[in-house]
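Fold and geometry: a report
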Amino acid sequence: MTTLKGEDEVAGLCRDLIRIDSTNAGDNSGPGERAAAEYVAEKLAEVGLEPRILESDSRRANVVVRVEGEDPSREALLLHGHLDVVPFDADDWTLHPLSGEVADGCVWGRGAVDMKNMDAMILAVVRQRLSEGRRPPRDVVLAFTADEEAGGTYGAQWLAAEHKDLFEGCTEAIGEVGGFSVSIDDARRLYLIEAAEKGIAWMRLTATGRAGHGSMLNAENAVTELAEAVGRVGRYQWPVRLTRTVENFLTETSRALGIDFDPDDPEATVAKLGPLARMIGATLRNTANPTMLQAGYKANVIPQTATAHVDGRFLPGYEEEFFQTLDELLGPNVTREFVYHDIALETGFDGSLVRAMADALVAEDPGALAVPYTLSGGTDLKAFSTLGMRGFGFAPLKLPADLDFSGMFHGVDERVPVDSLQFGVRVLDRFLDAC
């Protein structure tokens, strides 16, 4: 077998994946992930693996394969990445989001940040190791999933429910939205490793009243009732709830930045974090943001019902408080139902896996400081955690200080530096040796 070099391959793998349209609008109507899954499976088969393509529905494809380790009796590790991406409006982009073009030292396109970059890094490092005859110390399961951007119904959730045997022995996992750098100065960088995720509650609110003519008095107007409830939810200031992971992040970050951290006023510290403030600020409290409104069908007709959608996110340990408060805000005349509901997660930032991540980062970047953080969104880890896995977000990238990486998630002009991808391959290679 020809020896492959992951650092040389990774940008091309990322480009190829971006060029495969796998947009997911959340209604099961798009191109699906089948073409991307076939590409991934082919690249894994080229180095002697026997990946399985598993379809949960037409073209909603997942790829799973186990890489046998030197000691298969040890507990296994899962590396997971999703193949779908969110939709885009190409007119808003500098370069076409399906071009995968390499320009200004970056690979551009939808998925360059979320998360075909990590898919490419996993492929690159596994292909190199197997072409060199290097097995990991323990079994490693690779999972490339469908549908993460719509909650994982056709992807990780389906795999966890219907194919749990493929993850036999997996007790730990790494995936997306972690391991990227934030510069402190020219010599030092924080690497944010996701150790917690907020829970998800996408909800449909409904107010029911009395239909009638728009010119008449109507004290049971569903639109009015709903609008007032939505206003209360949208303007509510949720109290700060300092979780273990957020406090750990703010303590370590404050120490690195040389600023004071007052646990009684964490918002003052967050305000000093620059571009990170928006991302970290959302993890200080529960949130509930109105996102959609729908009512009526004619200007002079009062409708019987009005609906709204709210994107709710609750911190680990605060789900009960979240829903109790939300119901008080809605009042007795507005009902809610779940469009999508999933758990919050949190794990301690300790143990051999954490040391392996931190050591691999420092070996490639002596100025690295690994710190845990809470993700305000969610990942496939929620589904895999139901199989007993402890997981982290660890897609290592050393980034330029002036690149607003977190701001590109689901944004326009997604791009990832080629040398950051190459850095990630080296770090993942060291990590696999150590874990």
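Provided above is the structure to which this section pertains.
A few points on the structure. (Residues numbered from 1 in each chain as written. Predicted model: local features only at pLDDT ≥ 70, side-chain atom pairs only at ≥ 80, totals over all residues. Heavy atoms only, no water.)

Quick look at the sheet that holds strand β14 (residues 305–314)
Strands belonging to one sheet form pairs held by backbone hydrogen bonds; the direction of such a pair is parallel or antiparallel. Rules: Here, any two strands with at least 2 DSSP bridges between them count as paired. Starting at the N terminus, helices and strands are each numbered in turn, a helix being any DSSP run of H or I of at least four residues and a strand any DSSP run of E of at least two. Helix axes are fitted to C-alpha atoms over the stretch in contact, other axes to C-alpha atoms as well, and angles between N-to-C directions run from 0 to 180 degrees. Residue contacts are counted whenever heavy atoms from the two residues lie within 4.5 Å of one another.
Spatially, four strands are ordered β12-β14-β10-β15 in an open sheet, and the strand pairing comes out antiparallel. Pairing within the sheet leaves two strands with one partner each, and these edge strands are β12 (287–295) and β15 (334–342). Taken pair by pair, the neighbouring strands of this sheet meet at an average axis angle of 20 degrees, ignoring direction. Seen against the sheet, helix α5 (residues 222–235) touches β10 (199–208), β12, β14 and β15 and runs at an angle of roughly 15 degrees to β14. Across the sheet, helix α9 (residues 319–330) touches β10, β12, β14 and β15, and the angle it forms with β15 is around 150 degrees.

Description of the packing of aromatic side chains
Our working definition: Aromatic rings from Phe, Tyr and Trp, with only the six-membered ring used for Trp, were paired whenever their centres fell within 6.5 Å, and each pair was classed as stacked if the ring planes differed by under 30 degrees, edge-to-face if by over 60, and tilted otherwise. Three labels apply to residues, based on accessible area from a 1.4 Å probe with only protein chains included: buried if under 20% of the type maximum, exposed if over 50%, partly exposed otherwise in between. Only when the NZ of Lys or the CZ of Arg is both within 6 Å of the ring centre and within 35 degrees of the ring normal is a charge said to sit over the ring.
Counted under the stated rule, the structure contains 14 aromatic pairs. Both rings, one in F322 and one in F323, keep their centres 5.0 Å apart while their planes meet at 75 degrees; by these two values the pair is edge-to-face. Take F322: its relative accessible area is 0%, and that puts it in the buried class. Over the ring of W108 we find R415; its NZ or CZ atom is 4.9 Å from the centre of that ring.

Re the sheet that holds strand β4 (residues 102–103)
Strand order in the open sheet formed by three strands is β4-β5-β19, with antiparallel pairing between adjacent strands. Each edge of the open sheet carries a strand with a single partner, namely β4 and β19 (415–417). Inspection of the sheet shows β4 paired to strand β5 (residues 106–108) by two bridges, in the antiparallel sense. Within β5, the position partnered with V102 by the bridge is V107. Its contacts with the sheet place helix α1 (residues 6–19) against β5 and β19, and it is angled at close to 15 degrees to β5.

So, the environment of R355
Assignment of secondary structure puts R355 in helix α10 (residues 352–364). With a relative accessible area of 51%, R355 lands in the exposed category. As a C-alpha pair, R355 and E197 span 158 residues in sequence and 21 Å in three-dimensional space.

Structural notes on the pairing of strand β7 (residues 170–175)
Most of β7 sits out of view: five of its six residues are buried. Direction of pairing for strand β3 (residues 76–82) relative to β7: parallel, over a ladder of four bridges. Counted as the bridge partner of L79 is I174 from β7.

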